[in-house]
Amino acid sequence: MRRSRISALCLCVFCCLSLSACFPEGIDGLLQPPKQPIAYVQLQTQIDKLLEAGAVYAFPAAGSNRQVIQQADIDGDGVEESLVFLQKNEDHPLRIYFYHKVEDTYVEAGVISGDGTSFDSVSYADLDGDKSMEILVGWRVSDSLRGMTVHTWVDGALHPMLTNTSYNAYSLQDFNKDGLPELMLVRSSATDIPGSAELYLPKGKDLVFSTTAPLSLGAGGVSRIRNGMLSDGNPAVFVASYYGDNGLITDVFAYRNGKITNLSLDPLTAASNETVRWYPIYATDLTGDGITDIPSPTKQLPFYDANISDNQFITTWSSYSLSGVAAQTALTYHNFNKGFYFDLPESWSEGLTIAQRIVTNDEQQLIFAQYNGPDTAPTDVLIVSILTGDGHSERADKEGRFVLGEKQNTVVAAKIPASAYDAQEKFRLKKEDVLAAFHWIIKEWIVGEMTQS
């Protein structure tokens, strides 16, 4: 027994010595945090000197690139440069310090200076096909006014490709399908003169104005801007603007016959009338086919029972082609408060009424019914229950209901009432139809209310 203990002790000592040999700094060295590369330490030293001199970090307010220190391969050599966003109490207070990496050190290679209260956004894109990345900087002058500058790398230095140009929103979209994105700036108007979308194209090492197209007459500030696809596969930009009292209107811009064009604009009214809605819902790829669908909510027919809330909408979705023709793609009922929607048969666009009933504090019902006229009770064809509170899961399977989905302490269940068989054939649903039609709403990641795709 003693011999075995001694052998075990020797083995332990041998292992410790072996480990020490493998790790010259000893076992304690393994517990130390990793050391930063020399180049990053040297970069931070340069930044610290600027901060000690009174500069402060300045985060871009919008977009997907919000860090105060960003890295991108600007010159196209496969090595990322560093850009540091600062604000100084001097003329042109907003500064982007550009550092070029040379072996194990970062060398300051230029400064982009501008005016405003903050950086609005920054994007990187190869606009001219030379494999280097242009730097697009949005400068926030006020809550509604922004200025855009674009900078490129030429002969070892930063070159201004586009000087300060006002805009309210912008998008980078490959309109002409040449593999490179084009810059579209949107300028809103608060007057009776329509705003505009302007396309800028590269010419040598400059970015120059190309063509323009109007926004809808009456369109106010931009609420949301996103890239998408037309029904015929052509790229487009969808600009949703505030319209009238609590309304929205979407203008659809694409590249046609060598110029930017508003495909949805009605020439008689100078507005995209078919996209106006008084409900907060936006264009999206609803059906998952890569085509962008535009919503048009319609308030439903009044419910017979005046004691039941009937302020409900169904939404017709349409997509545009490059010729400017819109075609219906889907019909839905969206419930944004509870976070779900139903695909509806297209035949339900006529003769449907929807109402909401409060059963208890823990149960609400949505009633889909066939409209039978103002003086006749509707025929219920589908009852959807929204259950919360204690025992919501157990209650979902009672009273002939079947579960559609459960999320965040809420169960959505449905029941096809016996009265559905007395309705017109188009309103008769099977259980599998209802299950397939139910979807949770997936919220898009939107940086603020206005963004660029």
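Residues numbered from 1 in each chain as written. Predicted model: local features only at pLDDT ≥ 70, side-chain atom pairs only at ≥ 80, totals over all residues. Heavy atoms only, no water.

**Quick look at the overall build of the protein**
Then, in step 1: Helix and strand counts for the protein stand at five helices and 27 strands.
Then, in step 2: Looking at the protein as a whole, 46% of its 453 residues qualify as buried.
Then, in step 3: The long-range share in the protein, meaning contacts at least 24 apart out of those at least 6 apart in sequence, stands at 47%.
Then, in step 4: Within the structure as shown, the protein displays about 23000 Å² of accessible surface, and the carbon and sulfur contribution to it stands at 53%. (Helix = DSSP H or I, 4+ residues; strand = E, 2+ residues; numbered from the N terminus. Buried < 20%, exposed > 50% of the residue type's maximum accessible area, 1.4 Å probe, protein only. Contact = heavy atoms within 4.5 Å. Areas by Shrake-Rupley, 256 points an atom, 1.4 Å probe, with all protein chains shown as cover.)

**Looking at the confidence of the model for the protein**
Parts of the model with low pLDDT should not have their predicted coordinates read in detail.
Then, in step 1: Across the protein, the average pLDDT comes to 87, with 87% of residues at or above 70.
Then, in step 2: Confidence drops under a pLDDT of 50 for residues 445–453, and excluding neighbours within four residues, the segment shows 28 contacts in the predicted structure. (pLDDT = per-residue confidence, 0-100.)

**Observations concerning the pattern of salt bridges**
Then, in step 1: Counting across every chain of the model gives nine salt bridges.
Then, in step 2: Notably, a salt bridge pairs glutamate 90 with lysine 88, separated by 3.7 Å at the nearest N-O pair.
Then, in step 3: For the salt bridge of glutamate 198 with arginine 187, the shortest nitrogen-to-oxygen distance reads 2.4 Å. Taken as a pair, glutamate 198 in strand E12 (residues 196–203) and arginine 187 in strand E11 (residues 182–187) lie far apart in primary sequence, eleven residues in all. Of the two residues examined, glutamate 198 and arginine 187, each falls in the buried class.
Then, in step 4: One continuous salt-bridge network, built from bridges that share partners, spans Lys88, Glu90 and Arg95. (Salt bridge = Lys/Arg side-chain N within 4 Å of Asp/Glu carboxyl O.)

**As for the sheet that holds E12**
Then, in step 1: Taken in spatial order, the four strands make up an open sheet running E10-E11-E12-E13, and their pairing is antiparallel. Each edge of the open sheet is held by one strand with a lone partner, namely strand E10 (169–173) and strand E13 (206–214). For this sheet, the mean inter-axis angle between neighbouring strands, taken without regard to orientation, is 25°. (Pairing = 2+ DSSP bridges. Axes fitted to C-alpha atoms, helices over the stretch in contact; angles between N-to-C directions.)

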